[in-house]
Amino acid sequence: MNRSASDSASWGNAPRADTAGSDLPFLPLAVPTITEHEIARVTDAVRSGFVSSVGPYVEEFEKAFAELVGARHAVACASGTAAIHLAFAVLDIPRGAEIAVPDFTFVGSSNPIAYVGAQPLLVDSEAETWCLDQDLLVDALEERLRRGKPLPAAVEPVHILGQPARIDRLVEFCQSHGIPVVEDAAESLGARWSDGPFAGRHTGSAGTIGAFSFNGNKIATAGGGGMLTTDDAELAARAKHLSTQAKVPDIGYLHDEVGYNYRLTNIAAALGLAQVERLDELVARRAHVARRYDEAFAGTGIVTPPRVPGFDATYWLYSVLVPQGRGGDYRDALWQHLGDLRVGSRPLWRPLHLQPPWKDSARLGGQVAEDIFTRGLSLPCSYDLTDGEQDRVIDGVLEFVGARA
Ligand SMILES: *Cc1c(COP(=O)(O)O)cnc(C)c1O
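So, here is what we can say about the structure in this document.

**Quick look at the pattern of salt bridges**
And step 1. In the structure shown here, the tally under the stated rule is 23 salt bridges.
And step 2. Note that Arg 16 and Asp 18 form a salt bridge whose closest N and O atoms lie 3.0 Å from each other.
And step 3. By relative accessible area, which is 59% here, Asp 18 ends up exposed.
And step 4. One salt bridge connects Glu 257 with Arg 238, and the closest N-O pair in it is separated by 2.9 Å. Of this pair, Glu 257 sits in the loop between helix H7 (233–243) and helix H8 (266–277) while Arg 238 sits in helix H7; the two residues are 19 residues apart in sequence, bridging distant segments of the chain.
And step 5. What makes Glu 257 partly exposed here is its relative accessible area of 30%.

See the structure below:
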């Protein structure tokens, strides 16, 4: 696959212009794997004439996806952000309500909160999983109960970087207080719990609604797209209805509420289906790359991603933290050094409380999120990355760390 045809404009997926003279091949951060299988499915979709949001691949994709993640229903959407927006819409989150979300996440988690006129309650991460700290949140909510203060209208845990979040206590609390749980599983397709109350379950199937993304850099891509999953038939039907401009079937242009144009196209569904059919292979390759990085960085001070017993992560965007006690300057110098070597890497997300739209949002903690942001760097982990290419990345990191020990 010609990588220049991929999403080369995104940060980390294009060589730095000042390294153009080098003949070292550039190693992108994360680009999709496209095989004859994907090409055959997409060609079939185009040939069929069903190129838009009507067509057999949309339904086939939904059916296969629901089965894969263990949900009763799946509704294909134009993006992961759209899936999260639809989740809040079908849950009838009132304007002005509060939704708890991790401080350390991509803005695709928080923008839909604003779309429905709600406010985020930003929750710090726990150091062990880098995901939302459920104890921090549940303790604060129990304190509110004691003081007679209102609870959030929904909670939105995020399975960060393919790592299942620890949400057993949170889900139990929410169930006993009637609070819906919307899991942002945009980054965690293929990740599961293998121990505890959710043993055997896929991320995105433990709460009320799960939301997934098939953006270009996600573990499986549809070019762009998303999926809403739920066991609740009514929520699924309403999500599908709202995603198609709330058009009432079989009656000429009757729209019974304000809807959205959020359906996935048949072409995108064909690509998404083909990728999901290869998911085991895609996840296995990530695990191989992650294992090699973990081994290479052991004992160097570089902090490798969480490995939590009972939580089967997929290492979507393999990310490390620079050694404890080092800061953003060190991380930026490593990023620069890898760029010099024509290796694409990328810092992690700036926590939401440091973003202009959410700078005044209510917040619980924030130090862990800031630390992960300051010290975090994602390394190349594309499906097509060879062991030899990965060794170039490893050597670059070890050389940098060794020179500054
Ligand atoms: C990618 C992503 C989204 C949004 O998905 P899109 O398909 O890009 O709209 C939402 N949340 C998280 C955590 C993501 O990484």
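**What about the site of the ligand?**
And step 1. Taken together, 16 residues form the shell around the ligand, and within it Thr 81, Asp 184, Glu 187, Ser 213 and Lys 218 come nearest.
And step 2. The side chain of Asp 184 places a nitrogen or oxygen atom 2.7 Å from a nitrogen atom of the ligand.
And step 3. Contact with the protein chains covers 92% of the free accessible surface of the ligand, which is 380 Å².
And step 4. Counting residues per element, the ones that place at least two in the shell around the ligand are helix H3 (80–90) and helix H4 (107–115).
And step 5. A total of three residues in the shell around the ligand trace back to one element, the largest contributor, which is H3.
And step 6. Here the shell around the ligand is composed, by residue class, of four nonpolar, nine polar and three charged.

**Describing the sheet that holds strand E5 (residues 182–184)**
And step 1. Judged by pairing direction, the sheet is mixed, and its four strands sit side by side in the order E1-E8-E7-E5 without closing on themselves. Each of the sheet's edge strands pairs with one partner strand only, and the pair in question is strand E1 (73–77) and E5. Strand-to-strand, the axes of this sheet are offset by a mean angle of 20 degrees, without reference to chain direction.
And step 2. With five bridges connecting them, E1 and strand E8 (residues 226–230) associate as antiparallel partners.

Criteria and thresholds
Residues numbered from 1 in each chain as written. Predicted model: local features only at pLDDT ≥ 70, side-chain atom pairs only at ≥ 80, totals over all residues. Heavy atoms only, no water. Salt bridge = Lys/Arg side-chain N within 4 Å of Asp/Glu carboxyl O. Buried < 20%, exposed > 50% of the residue type's maximum accessible area, 1.4 Å probe, protein only. Helix = DSSP H or I, 4+ residues; strand = E, 2+ residues; numbered from the N terminus. Near = heavy atom within 4 Å. Polar contact = N/O pair within 3.5 Å; in protein donor to acceptor, adjacent residues only side chain to side chain. Areas by Shrake-Rupley, 256 points an atom, 1.4 Å probe, with all protein chains shown as cover. Nonpolar A, V, L, I, M, F, W, Y, C, P; charged D, E, K, R; others polar. Pairing = 2+ DSSP bridges. Axes fitted to C-alpha atoms, helices over the stretch in contact; angles between N-to-C directions.

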